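An overview of the molecular structure
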Amino acid sequence: MRYTASIFWEKKVTESFTDNKYSLKHTWAFDGGAEVPASSSPQVVPTPMSDASAVDPEEAFVAAISSCHMLFFLSIAASSNYIIETYEDNAEGIMSKNESEQMVMADIILNPKIIFSGSNIPSAEQITNLHESAHKKCYLANSVKTTIKVIQS
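Residues numbered from 1 in each chain as written. Predicted model: local features only at pLDDT ≥ 70, side-chain atom pairs only at ≥ 80, totals over all residues. Heavy atoms only, no water.

1. Regarding the sheet that holds strand 3 (residues 35-38)
Ordered in space as 1-2-3, the three strands form an open sheet in which the pairing is antiparallel. Looking along the sheet, the strands with just one partner apiece sit at the ends: strand 1 (5-8) and strand 3. Within the sheet, the average angular offset between the axes of one strand and its neighbour, ignoring direction, is 20°. Of the strand pairs in this sheet, strand 1 and strand 2 (residues 26-30) are connected by four bridges, and their pairing is antiparallel. For Ala5, the partnering residue across the bridge sits in strand 2 and is Phe30. (Pairing = 2+ DSSP bridges. Helix = DSSP H or I, 4+ residues; strand = E, 2+ residues; numbered from the N terminus. Axes fitted to C-alpha atoms, helices over the stretch in contact; angles between N-to-C directions.)

2. Brief notes about helix 1 (residues 57-79)
Between the first and last C-alpha of helix 1 there are 33 Å, a value that for 23 residues agrees with the 33 Å anticipated at 1.5 Å per step. Burial in helix 1 covers these residues: Val62, Ile65, Ser66, Cys68, His69, Phe72, Phe73, Ile76 and Ala77. For helix 1, the side-chain oxygen to backbone nitrogen distance between the N-cap and Glu58 is 3.1 Å, and the N-cap itself is Asp56. Downstream of helix 1 by a residue or two, Asn81 has a phi angle that is positive, lying close to 65°. (Expected span 1.5 Å × (residues − 1). Buried < 20%, exposed > 50% of the residue type's maximum accessible area, 1.4 Å probe, protein only. Polar contact = N/O pair within 3.5 Å; in protein donor to acceptor, adjacent residues only side chain to side chain.)

3. Notes on helix 2 (residues 124-137)
Relative to the 20 Å expected for 14 residues at 1.5 Å per residue, helix 2 spans 20 Å between its end C-alpha atoms, a close match to the ideal helical length. Within helix 2, the full set of buried residues consists of Ile127, Leu130, His131 and Ala134. For helix 2, the angular spread of the buried residues around the axis is 95°, confining them to a single face. Of the exposed residues in helix 2, the ones pointing more than 90 degrees away from its buried face are Glu125 and Lys136. Among the structural elements, helix 1, strand 4 (83-89), strand 7 (112-117) and strand 8 (147-150) are those in contact with the buried residues of helix 2. (Arc of directions from axis to C-beta. Contact = heavy atoms within 4.5 Å.)

4. Overview of the packing of aromatic side chains
One pass over the structure, following the stated rule, counts six aromatic pairs. Each ring, one from Trp9 and one from Phe17, has its centre 5.8 Å from the other, and the planes form 50°; the classification is tilted. Clustering of aromatic rings is evident, with ring pairs tying together Trp9, Phe17 and Tyr22. (Phe/Tyr/Trp six-rings, centres within 6.5 Å; stacked < 30°, edge-to-face > 60°.)

5. Describing the layout of surface pockets
Roughly 460 Å³ of volume is contained in the largest pocket. As for the largest pocket, its lining consists of 13 residues, and the residues nearest its centre are Tyr3, Phe30, Ala64, Cys68 and Leu140. Elements supplying a minimum of two residues to the lining of the largest pocket: strand 1, strand 2 and helix 1. It is helix 1 that provides the largest number of residues to the lining of the largest pocket, a total of six residues. Taken together, the residues of the lining of the largest pocket break down into 12 nonpolar, one polar and no charged. (1 Å grid on protein atoms, 1.4 Å probe; cavity = no way out; pocket = protein on both sides within 12 Å on 5 of 7 lines; lining within 4 Å. Points joined across faces, edges and corners; volume = space filled by probe spheres on them. Nonpolar A, V, L, I, M, F, W, Y, C, P; charged D, E, K, R; others polar.)

6. As for the sheet that holds strand 6 (residues 103-110)
Through backbone hydrogen bonds, the strands of a sheet pair up, either in parallel or in antiparallel fashion. The three strands lie next to each other as 5-6-8, forming an open sheet whose pairing is mixed. The open sheet terminates on both sides in strands that have one partner only, identified here as strand 5 (92-97) and strand 8. Here the average twist between neighbouring strands, direction ignored, is 25°. Where strand 6 lies against strand 8, four bridges are found, and the strand directions are parallel. Directly across from Asp107, in strand 8, lies its bridge partner Thr147. Its contacts with the sheet place helix 1 against strand 5, strand 6 and strand 8, and it is angled at close to 40° to strand 6.

Structure below.
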């Protein structure tokens, strides 16, 4: 399997570039036609060089991990005959320095709120097991060093 993304950035005519004061706004384009405005994080590079309304790589990383976990969770729950009405996750990524003093996405905390329906409602222990199975199967979680925690509400 191969996955692709096209990233495009262009210097503005009014920017000199070598003064290190250029816009970091760019575009992510994906095979299905979706285009996403992207930028550096305004927490790292101040505006106006960053665009707070665009997605930054750190946010996208957190969203990708959360989305991967959710997709496996939904699949496992459906296979276990649980009906899920909604799944909402307000995921959070925490940057800090690693042992080599490099900034890394050290932790991702998933905060899923799931509404089940029907007569087969899982217990808290069964939900924990579903999350553990989803985590073990998530391609992205298996690809990174970042600690991923699930906080059930």
